[in-house]
There are 2 protein chains.
Amino acid sequence: MNIGEIATRSGLPAKTIRYYEEIGLIKPLRDTNGYRAFRQQDLHKLTFLGRARALGFSIEDCRNLLALYEDQNRSSADVKSIARDHLAKIEQKIADLVDMQSTLTHLISACAGDNRPDCPILNSLDVQSL
Amino acid sequence: MNIGEIATRSGLPAKTIRYYEEIGLIKPLRDTNGYRAFRQQDLHKLTFLGRARALGFSIEDCRNLLALYEDQNRSSADVKSIARDHLAKIEQKIADLVDMQSTLTHLISACAGDNRPDCPILNSLDVQSL
DNA sequence: GTAGGGGTTCCACCAACGGGAAGGTCAAGA
DNA sequence: TCTTGACCTTCCCGTTGGTGGAACCCCTAC
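Residues numbered from 1 in each chain as written. Chains lettered and ligands numbered in written order. Predicted model: local features only at pLDDT ≥ 70, side-chain atom pairs only at ≥ 80, totals over all residues. Heavy atoms only, no water.

Caption draft 1: Structural detail: the packing of aromatic side chains. Residue and element names in this part refer to chain A. Going through the model one piece at a time under the given rule, you end up with 4 aromatic pairs over all chains. Both rings, one in F48 and one in Y69, keep their centres 4.4 Å apart while their planes meet at 40 degrees; by these two values the pair is tilted. Of this pair, F48 sits in helix α3 (residues 40-54) while Y69 is found in helix α4 (residues 59-70), placing the two residues 21 residues apart along the sequence. In this structure F48 comes out as buried when scored by relative accessible area, which is 0%. Residue Y69 is classed as buried on the basis of its relative accessible area of 14%. (Phe/Tyr/Trp six-rings, centres within 6.5 Å; stacked < 30°, edge-to-face > 60°. Helix = DSSP H or I, 4+ residues; strand = E, 2+ residues; numbered from the N terminus. Buried < 20%, exposed > 50% of the residue type's maximum accessible area, 1.4 Å probe, protein only.)

Structure follows, in structure tokens:
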């Protein structure tokens, strides 16, 4: 498989696949003409990576998950631990965003949004509002 | 005011303040020795920026908000529009994260987390699971 | 032979800073 | 007066996870 084909099959852009090779996540073979030659296992890995990234796992998380994925003697506890750490980060982000959402929603509803210069949103950002 | 003092007062790191000058958000004066000389209005702007950033507004949003903040003839509709766009982005991010949270929570609860190699989390990332 | 649609490398860029080096400045104390 | 230490300056590199583009090679079809 050339990079174009595996890009289509895995759903990842060719640029991303080259980048994943560069950082050592995959190690495709090379044809005599210098083209990357992907095997079925590379497609598996890339699909795996695409899904893990879609779940928000960092590249380093993915590296660890991939190592576990390939380790027949892994324990599921190791995987669960990474997933739990990641879940905690996600929940923290959600909490932060919900805070912002709440504040913004209040400010927006308080703002007339007309042609007048008075604006509760700017007022609240101004030092004077303290 | 030197940068150390305004950093303390605004709550922003000195590095961040220098960066904000570099990208043109603030324009402090200079003393003869080359030190930045901040005025009260710079403190106002930096405080404003700190709060807007804490609400997740991008630097470009901040630039626009700051221009409106300084424009006595602004209309509150312009501010409200920026805030609404930003709120929409936040809500999209929350939705994405909640999706991830939901999937991860299911996977984690399905995973025994013991010493055995079988792991529903990895299985779900594997291409085989389709 | 040439046109096109692959592929390759390398370099630069994005957000929003943070770390650290190398050096100038200032105020206080011995 | 000298020195110490805290402060300031600029400059450059690193971060995360790629994306865009330039310049160039390769392969197939017409």
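Caption draft 2: How the structure looks around the pattern of salt bridges. All names here are of chain A. Following the criterion strictly, the structure yields 14 salt bridges over all chains and no others. With a closest N to O distance of 2.6 Å, E5 and R9 form a salt bridge. Within this pair, E5 and its partner R9 are both found in helix α1 (residues 3-10), separated by 4 residues, close to a single helical turn. Across the pair E60 and R63 runs a salt bridge, and its minimum N-O distance is 3.2 Å. Note that E60 and R63 are positioned in helix α4 at a spacing of 3 residues, about one turn of the helix. The partly exposed category is assigned to E60, whose relative accessible area is 44%. Through salt bridges with shared partners, one network takes in E21, R30 and R36. (Salt bridge = Lys/Arg side-chain N within 4 Å of Asp/Glu carboxyl O.)

Caption draft 3: Quick look at the side chain of R36(B). Summarising the element assignment, R36(B) is placed in strand β2 (residues 36-37). Ignoring sequence-local partners within four residues, the contact set of R36(B) consists of M1(B), N2(B), I3(B), R18(B), E21(B), P28(B), L29(B) and R30(B). (Contact = heavy atoms within 4.5 Å.)

Caption draft 4: Main features of the packing of α1(A) against α3(A). Residues and elements named next belong to chain A. α3 packs onto α1 with a crossing angle of 45 degrees between their chain directions and a minimal axis gap of 10 Å. Judged on the interaxial angle alone, α3 and α1 are oblique. Every pair of crossing elements has a handedness; the one defined by α1 and α3 is right-handed. Contacts between α1 and α3 involve I6, R9 and S10 from the former and Q40, D42, L43, L46 and T47 from the latter. The residue inventory of the contact of α1 with α3, partitioned by class, reads 3 nonpolar, 3 polar and 2 charged. (Axes fitted to C-alpha atoms, helices over the stretch in contact; angles between N-to-C directions. Parallel < 35°, antiparallel > 145°, perpendicular 65-115°, else oblique. Left-handed = near helix turned anticlockwise from the far one by under 90°. Nonpolar A, V, L, I, M, F, W, Y, C, P; charged D, E, K, R; others polar.)

It is worth stressing that arrangement in space is one thing and function is another; only the former is reported here.
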